[in-house]
Amino acid sequence: MEKVVWGVLGASNFAKNRTIPAMLQSAHCRIEAIASRSLEKAQDQADRFGIPRAYGSYDQLLADRAIEAVYIPLANHLHVPWTIKAAEAGKHVLCEKPIAMNAAEAETLLDVRERTGKLIMEAFMVRSHPQWLHARELVRQGRIGDVLAVQTFVGYNNVNPEDIRNRPEVGGGGMMDIGCYAITTTRFILEREPQRVMATIGRDPEFGTDRLCTVMMDFPGVQASFICGTQIQPSQRATIHGTAGSLEVEMVIIPSPDRPARISIREGSPVDRVKSETVTFDPVNQYTIQTDLFCRAIREGIPQTLPLENSIANMRVIDAAFRSGESGQWERV
Ligand SMILES: NC(=O)c1ccc[n+]([C@@H]2O[C@H](COP(=O)([O-])OP(=O)(O)OC[C@H]3O[C@@H](n4cnc5c(N)ncnc54)[C@H](OP(=O)(O)O)[C@@H]3O)[C@@H](O)[C@H]2O)c1
């Protein structure tokens, strides 16, 4: 397969530390350009990774006719505006999560996709990690009986006022940064949508961003909940509880690329002795897998890992959680 020629919009820290090195490991991807508002920053990353062209504006990169696809690791409020510009410039788009500031903004991308014929995908790499695919397979096979509940915790401690996560005007806050993962993994495992949502949202008095959210999601036949915190002891875990057992995914978002990821399966009851099994997964780079699959969607037409409609459904849950945080009531999704 001929490699897809990529450009990167923004000299983001995360792209520098994780995604660009991962994309460069993909057999199907060649990064030929990077753009930043600062040419110096773009040049610095270009030099670091041997990327041939650096641009001092995002528009310049979009005018580069050799670029077929762009990766967008910009601050959240810029995801939709630059996805639209990129697709209109004839580029396929892999955009960081959350794809938009809300569901209504995400929905505008449907028309853009239709009009331009370009692929647009939100970079929820967890959905192609083998651990989540396996967990969903175990649930499908009925390994833990009928699933009745899902419980997720995701948290870190970050009080840097400069960080985009602590700036509401650029789409910061815990729900948009990590709560969105708890929603997407729960929807992925359950393969259905929540009907209503109830949330308690605690905000940082200085930043104004949500720093602690507890969210209940009422799915048909399943009750799910998550806590996400941004000023809390770093930890992650998801437990899926069924009538005959439970599954625990240790690292919900970013399993180490160097150590095996693990899922624990528990059957039986504490009284009769729990039977426990741990499934381990060889370390993989989930960002490389994501890139491989997106390149194949472009070249070979395989289905996108995450269709845009699914991303919009995720945003609807986030919107309902924010509404519930305000109203103190259950909110319909
Ligand atoms: N999938 C994952 O595992 C994962 C992990 C971490 C982050 N992310 C996502 O990646 C994105 C970037 O996160 P990050 O941690 O890399 O943040 P970051 O270092 O602050 O990068 C954001 C980039 O946005 C650009 N930007 C343009 N206008 C901006 C403005 N007004 N304010 C702030 N930035 C502006 C900047 O690029 P220039 O200055 O170069 O133009 C900046 O480098 C976010 O959407 C985040 O949700 C995903």
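Residues numbered from 1 in each chain as written. Predicted model: local features only at pLDDT ≥ 70, side-chain atom pairs only at ≥ 80, totals over all residues. Heavy atoms only, no water.

Draft legend 1. Region of interest: the overall build of the chain. Across its full length, the chain holds nine helices and 15 strands. Its C-alpha atoms give the chain a radius of gyration of 20 Å, near enough to 20 Å, the size a compact globule of 333 residues would have. In the chain, which comprises 333 residues, the share counted as buried stands at 52%. In the structure as shown, the chain presents an accessible area of about 14400 Å², 48% of it carried by carbon and sulfur atoms. Where the 37 positive side-chain charges of the chain centre and where its 40 negative ones centre are 2 Å apart. (Helix = DSSP H or I, 4+ residues; strand = E, 2+ residues; numbered from the N terminus. Rg over C-alpha atoms; globule rule 2.2 N^0.38 Å. Buried < 20%, exposed > 50% of the residue type's maximum accessible area, 1.4 Å probe, protein only. Areas by Shrake-Rupley, 256 points an atom, 1.4 Å probe, with all protein chains shown as cover. Lys, Arg positive; Asp, Glu negative; His and termini not counted. Charge placed at Lys NZ, Arg CZ, Asp CG, Glu CD.)

Draft legend 2. Structural detail: the side chain of Thr152. The topology assignment puts Thr152 in strand β7 (residues 147-157). Thr152 gets classed as buried once you look at its relative accessible area, which sits at 6%. Look past the residues within four positions of Thr152 in its chain and what remains in contact with it is Ala182, Thr186, Ser225, Phe226, Ile227, Arg237, Ala238 and Val252. (Contact = heavy atoms within 4.5 Å.)

Draft legend 3. Quick peek at the site of the ligand. Looking at the ligand, there are 28 residues lining it, with Ser36, Lys41, Tyr58, Asn76 and Tyr287 nearest. In this structure, an oxygen atom belonging to the ligand sits 2.8 Å away from a side-chain N or O atom of Ser12. Contacts to the ligand include Lys97, whose backbone N or O atom sits 2.9 Å from an oxygen atom. Among the secondary structure elements, those contributing two or more residues to the shell around the ligand are α1 (13-24) and α7 (174-190). In terms of residue class, the shell around the ligand is made up of 14 nonpolar, seven polar and seven charged. Looking at which domains feed residues into the shell around the ligand, each of domain 1 (4-123) and domain 2 (126-284 + 315-332) gives three or more. (Near = heavy atom within 4 Å. Polar contact = N/O pair within 3.5 Å; in protein donor to acceptor, adjacent residues only side chain to side chain. Nonpolar A, V, L, I, M, F, W, Y, C, P; charged D, E, K, R; others polar. Domains from an automatic or database assignment.)

Draft legend 4. Fine view of the sheet that holds strand β14 (residues 275-281). If you trace the nine strands from one edge of the open sheet to the other, you get β14-β13-β12-β11-β7-β10-β9-β8-β15, paired in mixed fashion. This sheet does not close on itself; its edge strands, each paired only once, are β14 and β15 (331-332). In the sheet, strand β12 (residues 245-249) pairs with strand β13 (residues 261-267) via five bridges, with the strands oriented antiparallel. Within the sheet, the bridge partner assigned to Leu247 lies in β13 and is Ile265. Where α7 meets the sheet, its contacts fall on β7, β8 (196-203), β9 (210-219), β10 (222-229) and β11 (231-242), and the angle it forms with β10 comes to roughly 155°. (Pairing = 2+ DSSP bridges. Axes fitted to C-alpha atoms, helices over the stretch in contact; angles between N-to-C directions.)

Draft legend 5. Broad picture of the domain arrangement of the chain. On domain assignment, one finds that the chain holds domain 1 (4-123) and domain 2 (126-284 + 315-332). Taking only C-alpha atoms into account, the centre of domain 1 sits 27 Å from that of domain 2. Taken together, the contacts link 14 residues of domain 1 with 13 residues of domain 2. Taken together, the two surfaces of domain 1 and domain 2 that pack against each other cover about 1100 Å², and 61% of this comes from carbon and sulfur. Broken down residue by residue, the surface that domain 1 buries against domain 2 is led by Arg18, Lys97 and Ala103, which jointly contribute 36%. Counting across the domain 1 and domain 2 interface gives two salt bridges. Our count for the domain 1 to domain 2 interface comes out at six residue pairs in polar contact (both at pLDDT 80 or more). (Buried area = accessible area lost by both parts, 1.4 Å probe. Salt bridge = Lys/Arg side-chain N within 4 Å of Asp/Glu carboxyl O.)

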